[in-house]
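Here's the letter readout for the chains.
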Amino acid sequence: EQARFGAYQWLKHNVCAAQEAWPELRNGNLSVREVSFADVSDVARDRWDWLLASDVLYEEEGAKELAAALPKILKTNPHCKMLYAHTKHRYDHVDLCFFEELNRFGLRCRELPFPGELPAPPSPPLMTELFATQRIVFLLIALPSDEDDESYDLLPS
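(A) Highlighting the nonpolar core. Core analysis: the biggest nonpolar cluster contains 31 residues, and Leu70, Phe98, Leu102 and Ile141 have the highest contact counts within it. Sorting the residues of this core by element identifies α2 (41–44), β1 (50–54), α3 (60–76), β2 (81–88), α4 (92–104) and β4 (135–142) as the ones contributing at least two each.

Structure representation (structure tokens):
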């Protein structure tokens, strides 16, 4: 998370509140880190099981930087995956750029269904509707592995 606009402090506050409420989260394995996508060398050295992010892409530059940063972190943490909550069709050109960059870096990306719900109907393809319906999606992003199957869709529509 980045410190601008107070989001980082709010996230730290929420994590501390969660650790107060649930003692099992106090084992030191849950942390919050300010990250610039342009330089993840510090983050890539640490051990991570999961990267969590929500609505962090608003422009093509950020989409390119995040897609370039992920392999650096994931390659030093081979079992790590990213769970990214994203508003699809907010900025189609940013979505398209991000999915193309993930593909270029050889990352796998698939949309996860909401627990207990039927899969959502497919979104219209990017850049085909002037006012496509925005919807929240959870994307699972990871390095390719021997366990991959066809359920990974490199360019979600």
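(B) Region of interest: α4. For α4, built from 13 residues, the straight-helix expectation of 18 Å at 1.5 Å per residue is met to within 8% by its first-to-last C-alpha distance of 18 Å. Looking only at α4, the buried set comprises Asp92, Val94, Asp95, Cys97, Phe98, Phe99, Glu101 and Leu102. In this structure, the buried residues of α4 make contact with α3, β2, β3 (108–112) and β4. Positioned one or two residues after α4, Gly106 has a phi angle of 75°, which is positive.

(C) Representation of unusual backbone geometry within the structure. Its identity as a non-glycine residue notwithstanding, Asp55 has a phi of 45°, on the positive side. Mapped onto the elements, Asp55 comes out in the loop between β1 and α3. Phi is positive for His89, close to 75°, though the residue is something other than glycine. Inspection of the secondary structure puts His89 in the loop between β2 and α4. Take His89: its relative accessible area is 6%, and that puts it in the buried class.

(D) Layout of the environment of Pro113. Take Pro113: it is sitting in the loop between β3 and β4. The class for Pro113 is partly exposed, based on a relative accessible area of 47%. Spatially, the C-alpha atom of Pro113 lies 9.2 Å from that of Leu139, the residues being 26 residues apart in sequence.

(E) Structural view of the packing of α3 against α4. At a minimum axis distance of 9 Å, the contact between α3 and α4 shows a crossing angle of 20°. The orientation of α3 with respect to α4, classified from their angle, is roughly parallel. Pair α3 / α4 crosses with right-handed handedness. From α3, Glu60, Ala63, Lys64, Leu66, Ala67 and Leu70 reach across to α4, where they touch His93, Val94, Cys97, Phe98, Glu101 and Leu102. Grouping the constituent residues of the contact of α3 with α4 by class yields eight nonpolar, one polar and three charged.

(F) Layout of the packing of aromatic side chains. Applying the stated rule across the entire model yields three aromatic pairs. Ring geometry for Tyr58 against Tyr91: centres 6.4 Å apart, planes inclined by 70°, an arrangement best described as edge-to-face. With a gap of 33 residues between them, Tyr58 in the loop between β1 and α3 and Tyr91 in the loop between β2 and α4 connect regions that are remote in the sequence. For Tyr58, a relative accessible area of 43% translates into the label partly exposed. Residue classification places Tyr91 among the partly exposed residues on the basis of a relative accessible area of 33%. Arranged with centres 6.1 Å apart and planes meeting at 70°, the rings of Tyr84 and Phe98 form a pair that is edge-to-face.

(G) Layout of the pairing of β2. The element β2 is extensively covered by neighbouring structure, given that six of its eight residues are classed as buried. Across five bridges, β1 lies against β2 in parallel orientation. By the bridge assignment, Leu52 is partnered in β2 with Leu83. Regarding topology, α3 serves as the crossover connection from β1 to the parallel β2, and that connection is right-handed. As defined by bridge partners, β2 adjoins β4 across seven bridges and the pair is classed as antiparallel. Bridging across to β4, Thr87 finds its partner in Ile136.

Rules of the game
- Residues numbered from 1 in each chain as written.
- Predicted model: local features only at pLDDT ≥ 70, side-chain atom pairs only at ≥ 80, totals over all residues.
- Heavy atoms only, no water.
- Core = buried A, V, L, I, M, F, W, Y, C linked by side-chain atoms within 4.5 Å.
- Buried < 20%, exposed > 50% of the residue type's maximum accessible area, 1.4 Å probe, protein only.
- Helix = DSSP H or I, 4+ residues; strand = E, 2+ residues; numbered from the N terminus.
- Expected span 1.5 Å × (residues − 1).
- Contact = heavy atoms within 4.5 Å.
- Axes fitted to C-alpha atoms, helices over the stretch in contact; angles between N-to-C directions.
- Parallel < 35°, antiparallel > 145°, perpendicular 65-115°, else oblique.
- Left-handed = near helix turned anticlockwise from the far one by under 90°.
- Nonpolar A, V, L, I, M, F, W, Y, C, P; charged D, E, K, R; others polar.
- Phe/Tyr/Trp six-rings, centres within 6.5 Å; stacked < 30°, edge-to-face > 60°.
- Pairing = 2+ DSSP bridges.
- Right-handed = clockwise from strand over helix to strand, strands pointing away.

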